[in-house]
Amino acid sequence: MDWPDDRLWFALAVGLYGISTVYSIFLWRRGFQRYDSTILVLLLVAFLPHTGSLITRGVALGQIPVTNLYEAVSFILWVMNAAYLVFSIWSRLRFSGAFISPLLFFFGVFALMPELDQTPENPHFTGLISLHATLILLSYGAFGLSATAGIMFLTQEHDLRHNKLRAIQSLLPPIEQLDAIAGMMQLIGVGLLTTGLGTTFLIYLNSANAFQLDVKIIWSAIVWLMYLLLMLARCRYDLKGHRFAQCTTLAFVFVILTFWGTNLMSATHQ
Amino acid sequence: MSLLVIGLSHHQASVELRERFAVTDYQLPAVLTEIRQKTDVEEMVLLSTCNRVEIYVAHDRPDENLIDSLKRHFAANRQSQAEATAEFYALSGRSGIRHLFRVASGLESMILGETEILGQLKQSYQVALQHRHTGRRLNRIFQTAFRAAKQVRTKTDIQRGPCSVAAAAVELAERIFDNLQDHRVMVLGAGDTSEKTARALLSRGVKSIIVSNRTYTRAQELADELQGRAVRFDDWADEFSRIDMVVSSTASPGYFLNRERFVELLAHRPSRPLLLIDIAVPRDIDPTVGYLENIYLYNIDDLKAIADYHRNRRKQEETQCDAIIESMIDKLLLDLSSRGGAGADSSPRS
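Given the structure is predicted, the values throughout are model-derived calculations rather than measurements.

A.B. asks: Help me out: how do you make sense of the overall build of chain B in this one?
C.D. replies: Secondary structure assignment for chain B yields eleven helices and ten strands. With respect to the three principal axes, the spread of C-alpha positions in chain B is 75 × 40 × 30 Å. By residue count, 56% of the 350 residues in chain B fall in the buried class. Intrachain contacts of chain B at a sequence separation of at least 6 include 72% that bridge at least 24 residues.

Here you go:
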């Protein structure tokens, strides 16, 4: 029997993310009242075929598999799941799986669309280009986790203000901790994105091609500026709590909604 | 063999009576030795807390003789009149074991499901064990009681949720702040409930407590008790930028903290959550303050509703707890009878 295709491994992982999403809805309705390891187990099990799919594709390509949209999205989702598994060491952060699962599932299904998995004209990246793509995709994973902490903050804060009983019963982390996590993940994301974008200049220095300003580069600069301003506002103007949670969530929604379009519009990055 | 329990508790005995029979930790080994010698029972554990005084005995004699003997000698030991022992209850066999398991699980406590009693029971058992007042049978029964309490705690919600205003305030604080050790509390008005709330927060390790009261000497007294600091009532606003929680219970006839005053105070405060516990009636804090960003405002009714809900919920859990306990008793009696010691008084379930 042939070794299953990497897309099949990924599809299996997405299926498990789907089950985890359904279970998340159940936990949301129950108000996160009891420690529950079901989501942790599901995401841990899904991590294995997901890792398998990236390794299989990476071995076939001979490099980190970030050469097209399918691979890029799969890589971001893998980073988010891996980070969740690390965070789940702290029992009160285990519920973040219920917030991450829908993201993993819906973007996983999206990534599985065959049109996104096109073989690029020149799929062989230099080490520098691989590093560039990997750092930037890692930063999106960090922004995704910041947004997840932001959504958890808004949920818990809403309950504390309006539904006091549910806030007491809920085992979500304290809002102060969620705010700190959202800020920390955003700081990490900005660091990774700055470094990733910084490698662009090294790529052009080592290449015979002249620098071309395209949609993706402009978009990346906007995203970088947006997150940098958020970080500055947090450090300099005390942007914390409710407003920061809203901002980090909206910023990530912007990234997710525009990521695909700008990628497809960019000849260099397609 | 049967387990016999005699004792008195908050359910039927007044505090005056309970304190006459109370045994301190220091006295416990000597009391155990004396009563065992005089009643000639093989195994005995004595539990003495502020809510109950109970003697657990494993014996092979007819209950009636032993009950009288235990009551008489215990009363004599505590230098109490014999007629006071009329308040004592006596439970034997399965009922006695059930009682022990319920005590261990907090089902006989004043606050249903509280956990402190388990620690006290373990300590009493440990003293009896160390001084060789227990044997194979009581060891088995007590170990199973501790396991039953653990099962009740993990498989039901009997211990979940705050059951008092002070506990509800602490729970809310823990939902907002990452670590209470880094946070400061201000108590405005030195009333009884605010004192209890401050004490509850202090027990969870809040960094410091500032007390302010219209009568400064009263503020100083409370601050001393809470190992905090007193400030004059005119100066409390100066501390506002450094505090994270306010427990307010002044005797003000209306809102002494309105929205405008708060906006003014918040302007000098870094952006971080502020928990306001307004337990005064009439209320001290204008409810519209709760709409401000970073402000979490709860009044006495909010806290009472939380406490009432959890008390009722614990009550509902009691049936499930009893089912766990009955199943553990069945296993224990089977185990005791198979070992020949015979929980032998395996009277039917009632």
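More follows now that the structure is in view.
A.B. asks: Got a minute to help me understand the interface of chain A and chain B in this structure?
C.D. replies: Listed by partner, the interface residues are 22 residues for chain A and 33 residues for chain B. When the buried surface of chain A facing chain B is broken down by residue, A:R161, A:I168 and A:E176 rank first, second and third, together holding 30% of it. Between B:E293 and A:R243 there is a salt bridge, with the nearest N and O atoms lying 2.9 Å from each other. At the junction of chain A with chain B, the criterion picks out 16 residue pairs in polar contact (both at pLDDT 80 or more).

A.B. asks: Help me understand the layout of surface pockets in this model?
C.D. replies: If a probe the size of a water molecule is rolled over the atoms, the empty space left behind becomes visible. By volume, the second largest pocket amounts to about 810 Å³. Looking at the lining of the second largest pocket, the elements with two or more residues in it are α5 (116-130), α7 (165-176) and α8 (192-203) of chain B.

A.B. asks: When you look at the sheet that holds strand β4 (residues 89-92) of chain B in this model, what are you seeing that I'm missing?
C.D. replies: The strands that make up a sheet pair up through hydrogen bonds in the backbone, lying either parallel or antiparallel. All names here are of chain B. What the four strands build is an open sheet, ordered β2-β3-β1-β4; its pairing is antiparallel. Only two strands of the sheet have a single partner each, and these edge strands are β2 (43-48) and β4. Strand after strand, the sheet turns through a mean of 15° between neighbouring axes, direction not considered. By the bridge criterion, six bridges tie β2 to strand β3 (residues 52-59) in an arrangement that is antiparallel. Bridged to V45 within β3 is Y56. Helix-sheet contacts for helix α2 (residues 28-39) involve β2 and β3, and the interaxial angle to β2 is about 135°. Along the sheet, helix α4 (residues 93-104) makes contact with β1 (2-9), β2, β3 and β4, crossing β4 at roughly 110°.

A.B. asks: How do you make sense of a nonpolar patch on the surface when you look at a structure like this?
C.D. replies: Residues and elements named next belong to chain A. A contiguous nonpolar patch, built from L213, I218, I222 and F254 and spanning about 370 Å² of accessible area, is present on the exposed surface. For I218, the location among the structural elements is in helix α8 (residues 215-237). Assessed through its relative accessible area of 42%, I218 is described here as partly exposed.

A.B. asks: Explain α4(B) to me, please; I cannot follow it from the model alone.
C.D. replies: Spacing of three or four residues puts side chains on the same side of an α-helix, whose turn is 3.6 residues. Residues and elements named next belong to chain B. The terminal C-alpha atoms of α4 lie 17 Å apart, and with twelve residues this matches the ideal 16 Å at 1.5 Å per residue to within 8%. Across the twelve residues that make up α4, a large majority, eleven, are buried. If you check which residues of α4 are buried, you get G93, R94, G96, I97, R98, H99, L100, F101, R102, V103 and A104.

A.B. asks: Even after reading the chapter, I still don't get the nonpolar core, so can you show me in this structure?
C.D. replies: Taken as a class, soluble globular proteins show a tendency for nonpolar side chains to be buried jointly. Counting residues in each nonpolar core, the largest one holds 112 residues, and the members touching the most others are A:Y140, A:Y227, A:F259, B:M245, B:L275 and B:L303. Formed by 59 residues, the second largest nonpolar core is a distinct cluster that contains B:V31, B:I55, B:I67 and B:I329.

A.B. asks: Sorry if this is basic, but what is going on with the pairing of strand β6 (residues 208-213) of chain B here?
C.D. replies: Remark: a regular strand shows side chains that alternate across the two faces of the sheet. Residues and elements named next belong to chain B. Across the six residues that make up β6, a large majority, five, are buried. Inspection of the sheet shows strand β5 (residues 184-188) paired to β6 by five bridges, in the parallel sense. Looking at the pairing, V187 lines up with V211 of β6. Note on the crossover from β5 through α8 to β6: the handedness is right-handed. The pairing of β6 with strand β7 (residues 229-232) spans four bridges and is parallel. Across the sheet, V211 pairs through a bridge with A230, a residue of β7.

A.B. asks: Please clarify how the pattern of salt bridges should be interpreted in this entry.
C.D. replies: Where charged atoms of side chains with opposite charge meet at close range, the side chains can pair. Residues and elements named next belong to chain B. Enumeration according to the criterion identifies 33 salt bridges over all chains in this entry. In this structure, R137 engages E42 in a salt bridge whose closest nitrogen and oxygen atoms are separated by 2.9 Å. Placement of R137 in helix α6 (residues 136-155) and of E42 in the loop between α2 and β2 is noted, with a sequence separation of 95 residues between them. Take R137: its relative accessible area is 7%, and that puts it in the buried class. Across the pair E326 and R94 runs a salt bridge, and its minimum N-O distance is 2.8 Å.

Rules behind the numbers
Residues numbered from 1 in each chain as written. Chains lettered and ligands numbered in written order. Predicted model: local features only at pLDDT ≥ 70, side-chain atom pairs only at ≥ 80, totals over all residues. Heavy atoms only, no water. Helix = DSSP H or I, 4+ residues; strand = E, 2+ residues; numbered from the N terminus. Buried < 20%, exposed > 50% of the residue type's maximum accessible area, 1.4 Å probe, protein only. Contact = heavy atoms within 4.5 Å. Buried area = accessible area lost by both parts, 1.4 Å probe. Salt bridge = Lys/Arg side-chain N within 4 Å of Asp/Glu carboxyl O. Polar contact = N/O pair within 3.5 Å; in protein donor to acceptor, adjacent residues only side chain to side chain. 1 Å grid on protein atoms, 1.4 Å probe; cavity = no way out; pocket = protein on both sides within 12 Å on 5 of 7 lines; lining within 4 Å. Points joined across faces, edges and corners; volume = space filled by probe spheres on them. Pairing = 2+ DSSP bridges. Axes fitted to C-alpha atoms, helices over the stretch in contact; angles between N-to-C directions. Patch = residues over 30% accessible without salt bridge, like charges linked within 9 Å, V, L, I, M, F, W, Y side chains within 5 Å. Areas by Shrake-Rupley, 256 points an atom, 1.4 Å probe, with all protein chains shown as cover. Expected span 1.5 Å × (residues − 1). Core = buried A, V, L, I, M, F, W, Y, C linked by side-chain atoms within 4.5 Å. Right-handed = clockwise from strand over helix to strand, strands pointing away.

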